[in-house]
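A structural walkthrough
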Amino acid sequence: MNILITGGASGLGKTLTEILGKSKNNNVYFTYNKSEESAKNITEKFKNTEAHKCDFSKDSELTSFKNQIKEMDLDVLINNAYCSKINQIHFHKSPTMDFLMDFKVNIMPTISITQEVIKLFRKKKSGKIITILSSYLINKPPVGLSSYVANKAYLEKLTKAWANENAKFNITSNSISPSFMKTALTEDVDDRVVEQMIINHPNKELITTKEVAKAVLFLTNVGNHINGFDILMNAGVNIK
């Protein structure tokens, strides 16, 4: 399979690239921005991987990358990248422009890349889209994460639209909603908050990127009868 992972050199994305890169049957393309050293290490270790530098906040780099997508002959797109750190701040204290910027650098690039890939999938009459969401969409959203949760909710509805609009072209769109993971994205979360999460967790431990990556691996291999589906990974704290 030819697979594209956005944000594939750090955090969950790095684990995804490594797990999918282990199979010699896969060609794994991935984007990165600041994780240049990690990207280099990945491509040296897995010869079937290819790194693409792309700063999603720069229109010129995004346009250049989209032009390269046409040459990848993709079978799977994994929308993983999220460029903003998770900082807890109450909604009423958040600068209005922060919401606009978060949307611009996190959602618009995902939309733009997915549009490009769907056009190719429709020509091939096959393809899989897998989008990383968040268990924060279930029940009460955490205090102080309104922008992050709103962005993930926007993507959640898009995944359903992609599934519905493209099913007749043999294209599926599914998602995974993991609970809190310790990655670079969440490194600014207070250690006391993380400790309390572990205490309150049914398993007394946080989910790992490897566990989530295995769920993504499952979705890359399932048949097309699984479409428009979300895998909630939160140990049953909330149940849909």
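Going by the structure above, here's the rest.
In short, a report on the structure. (Residues numbered from 1 in each chain as written. Predicted model: local features only at pLDDT ≥ 70, side-chain atom pairs only at ≥ 80, totals over all residues. Heavy atoms only, no water.)

Before going further, it helps to spend a moment on the pairing of strand E4 (residues 76-79). Covered by surrounding structure in E4 are Val76 and Ile78 together with Leu77 and Asn79, the residues of both alternating faces. As judged from the four bridges shared by E4 and strand E5 (residues 127-132), these two strands associate in the parallel manner. By the bridge assignment for E5, Leu77 is matched with Ile129. (Buried < 20%, exposed > 50% of the residue type's maximum accessible area, 1.4 Å probe, protein only. Helix = DSSP H or I, 4+ residues; strand = E, 2+ residues; numbered from the N terminus. Pairing = 2+ DSSP bridges.)

Moving on, we come to the environment of Ser57. Secondary-structure assignment places Ser57 in the loop between strand E3 (49-53) and helix H3 (59-69). Taking the C-alpha atoms as reference points, Ser57 and Ser147, 90 residues apart in sequence, are found 17 Å from one another. Excluding its chain neighbours within four sequence positions, the residues that come into contact with Ser57 are Lys104 and Val105. Here the side chain of Ser57 touches Asp55 through a polar contact of 2.7 Å, side chain to side chain. (Contact = heavy atoms within 4.5 Å. Polar contact = N/O pair within 3.5 Å; in protein donor to acceptor, adjacent residues only side chain to side chain.)

Here we come to the side chain of Asp102. Relative to the elements of secondary structure, Asp102 occurs in helix H4 (residues 96-106). There is no salt bridge for the buried Asp102, and the closest opposite charge comes from Lys104, which lies 11 Å off by N-O distance. Among all residues touching Asp102, those that are not within four sequence positions of it are Ser84, Ile107, Ser147 and Asn151. (Lys, Arg positive; Asp, Glu negative; His and termini not counted. Salt bridge = Lys/Arg side-chain N within 4 Å of Asp/Glu carboxyl O.)

Next up on the list: the pattern of salt bridges. Going through the model one piece at a time under the given rule, you end up with four salt bridges. We note a salt bridge from Lys14 to Glu18, for which the minimum N-O separation is 2.8 Å. A residue pair is termed a helical-turn pair when its members lie 3 or 4 positions apart in one helix, as Lys14 and Glu18 do in helix H1 (residues 11-21) at four residues. Among the salt bridges present, the one from Lys124 reaches Asp75, with a minimum N-O distance of 2.9 Å. Note that Lys124 is positioned in helix H5 (residues 108-124) and Asp75 in the loop between H3 and E4, a separation of 49 residues in sequence.

Looking now at the environment of His90. Tracing the backbone through its elements, the reader meets His90 in the loop between E4 and H4. Remark: the alpha-carbon pair of His90 and Gly144, spanning 54 residues in sequence, is separated by 4.2 Å.

Computed from the structure, the second largest pocket encloses a volume of approximately 250 Å³. Every residue lining the second largest pocket is counted, 16 residues in all, and those nearest its centre are Lys85, Asn87, Ile89, Asp102 and Ser147. Within the residue set of the lining of the second largest pocket, elements represented by two or more residues are H4 and helix H6 (146-166). Grouping the constituent residues of the lining of the second largest pocket by class yields seven nonpolar, six polar and three charged. (1 Å grid on protein atoms, 1.4 Å probe; cavity = no way out; pocket = protein on both sides within 12 Å on 5 of 7 lines; lining within 4 Å. Points joined across faces, edges and corners; volume = space filled by probe spheres on them. Nonpolar A, V, L, I, M, F, W, Y, C, P; charged D, E, K, R; others polar.)

With 34 residues, the main nonpolar core has Leu4, Phe65, Ile69, Leu74, Ile113, Val117 and Ile129 as its most contacted residues. Elements with a contribution of two residues or more to this core: H3, H5 and H6. Top element by residues in this core is H5. It accounts for six residues. Those residues within four positions of Ile113 in sequence are excluded, and the remaining contacts are Leu4, Thr6, Phe56, Leu62, Phe65, Lys66, Ile69 and Leu77. Core analysis: the second largest hydrophobic core is formed by 28 residues, Ile3, Leu20, Ile78 and Met181 among them. (Core = buried A, V, L, I, M, F, W, Y, C linked by side-chain atoms within 4.5 Å.)

Turning our attention to H3. Residues of H3 that are buried include every one of Leu62, Phe65 and Ile69, and no others. Buried residues of H3, seen end-on, are gathered within an arc of 65 degrees and therefore sit on one face of the element. (Arc of directions from axis to C-beta.)

For strand E2 (residues 27-32), the tally of buried residues reaches five of six residues, placing the bulk of the element in the interior. Sheet analysis places strand E1 (residues 2-5) next to E2, joined by four bridges and oriented parallel. Bridging from a neighbouring strand, Asn2 pairs with Asn27 of E2. Between E1 and its parallel partner E2, the chain crosses via H1, and the hand of that crossover is right-handed. (Right-handed = clockwise from strand over helix to strand, strands pointing away.)

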